[in-house]
Amino acid sequence: MSIQATPTPGKLLLTPVDHLLIMIDFQSQMSFATKSIDAITLRNNAALVSAAAAEFHVSTILTTVAAKSFSGPMFEEITSAFPGQALFDRTSMNTWEDAAVIADVNRIGKTRIVLAGLWTSVCIVGPALSAIDQGFEVYVIADACGDVSTEAHERAIERIVQAGGRPMTSLQYLLELQRDWARTDTYEATTGVAKKYGGAYGLGVTYAKTMFGAHEG
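These remarks concern the structure in this document. (Residues numbered from 1 in each chain as written. Predicted model: local features only at pLDDT ≥ 70, side-chain atom pairs only at ≥ 80, totals over all residues. Heavy atoms only, no water.)

## What about helix 10 (residues 199–212)?
With 14 residues, helix 10 ought to run about 20 Å at 1.5 Å a step, and its terminal C-alpha atoms sit 20 Å apart, in line with that. After helix 10 finishes, the residue glycine 213 shows a positive phi value of roughly 65°. (Helix = DSSP H or I, 4+ residues; strand = E, 2+ residues; numbered from the N terminus. Expected span 1.5 Å × (residues − 1).)

See below:
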């Protein structure tokens, strides 16, 4: 029996309204010991994810651990994308064990969870495995996470994948939310985020627009 293709997106692709983004423990103390990704790239990718979520009005939770007593404030690149939004400060290493965070997860009511944060093997594995165990779909933005070594980060991602989680990247997240350049209402926001945080791709967008007035789609 043949399969009939249709011009429709797959159900596993993210949309701005079908998921909850949780940004976890992007804090100074955690980043000092992060070695699987350099600090500049980490901050850029976290900023890209935050800006994308803000531009597409994605439901987002920001959470820290022991911010005032040990770990320090969340990266300004993240908090500035969500001005005035309260941060949940925890004592638990596993975000999914914090009652206040979970109350907000339930209030928002999304069954698809996207995670990014430090460290992958603790602060991401914990909520990823816990959410999967409770029936949620989980995506992890792998290049907006980091750990004390490449080994620690990679084994953590493998563990999440083995449990059914789905890894992706920060630029992929932005472009998956847009997905069609004919969506003119978010076109300028998407290319704006790409130009600011999209690395070589962003430089290419800037060049094409400046030199030729190019326009995707």
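Having seen the model, we can carry on.
## Describing the sheet that holds strand 6 (residues 166–168)
If you trace the six strands from one edge of the open sheet to the other, you get 3-2-1-4-5-6, paired in parallel fashion. Sheet topology places strand 3 (88–90) and strand 6 at the edges, where each strand pairs with a single neighbour. Across the sheet, the axes of successive neighbouring strands diverge by a mean angle of 25°, strand direction being ignored. Both strand 1 (residues 20–24) and strand 2 (residues 59–65) contribute to a ladder of five bridges, which runs parallel. Bridging from a neighbouring strand, methionine 23 pairs with leucine 62 of strand 2. Of the strands in this sheet, strand 1, strand 2 and strand 5 (137–141) are in contact with helix 2 (residues 39–55), which crosses strand 1 at around 150°. Across the face of the sheet, helix 6 (residues 120–133) comes into contact with strand 1, strand 4 (112–117) and strand 5 while running at roughly 170° to strand 4. (Pairing = 2+ DSSP bridges. Axes fitted to C-alpha atoms, helices over the stretch in contact; angles between N-to-C directions. Contact = heavy atoms within 4.5 Å.)

## Structural notes on unusual backbone geometry
Note that the residue after leucine 118, namely tryptophan 119, is joined by a cis bond; omega there is -15°. Along the polypeptide, tryptophan 119 turns up in the loop between strand 4 and helix 6. Here alanine 66, not a glycine, exhibits a phi torsion of approximately 45°, which is positive. By the secondary structure assignment, alanine 66 is in the loop between strand 2 and helix 3 (67–71). Located in the positive-phi region is arginine 179, a residue other than glycine, with phi close to 65°. As for its position among the elements, arginine 179 is in the loop between helix 8 (170–178) and helix 9 (184–197).

## With respect to the state of the cysteines
One pass over the full model with this rule turns up zero disulfides. Cysteine 145 carries a free sulfur, and the closest cysteine sulfur to it, the one in cysteine 123, is 9.7 Å from it. (Disulfide = S-S within 2.5 Å.)

## Some points on the pairing of strand 4
Extensive coverage of strand 4 is indicated by the burial of six of its six residues. Of the two faces of strand 4, the one holding Arg112, Val114 and Ala116 and the one holding Ile113, Leu115 and Gly117 are both buried throughout. Here strand 4 runs beside strand 5; their pairing, made up of four bridges, is parallel. What sits directly across from arginine 112, in strand 5, is glutamate 137. (Buried < 20%, exposed > 50% of the residue type's maximum accessible area, 1.4 Å probe, protein only.)

## Describing the packing of aromatic side chains
Any aromatic ring pair is given by two values, namely how distant the centres are and how the planes are angled relative to each other. A full pass over the atoms with the stated rule returns three aromatic pairs. Each ring, one from phenylalanine 26 and one from phenylalanine 75, has its centre 5.7 Å from the other, and the planes form 55°; the classification is tilted. With phenylalanine 26 in the loop between strand 1 and helix 1 (28–32) and phenylalanine 75 in the loop between helix 3 and helix 4 (76–79), this residue pair connects regions lying 49 residues apart in the sequence. The class for phenylalanine 26 is buried, based on a relative accessible area of 0%. Here the guanidinium or amino end of arginine 43 rests over the ring plane of phenylalanine 75, the centre of that ring lying 5.9 Å away. (Phe/Tyr/Trp six-rings, centres within 6.5 Å; stacked < 30°, edge-to-face > 60°. Lys NZ or Arg CZ within 6 Å of the ring centre and 35° of its normal.)

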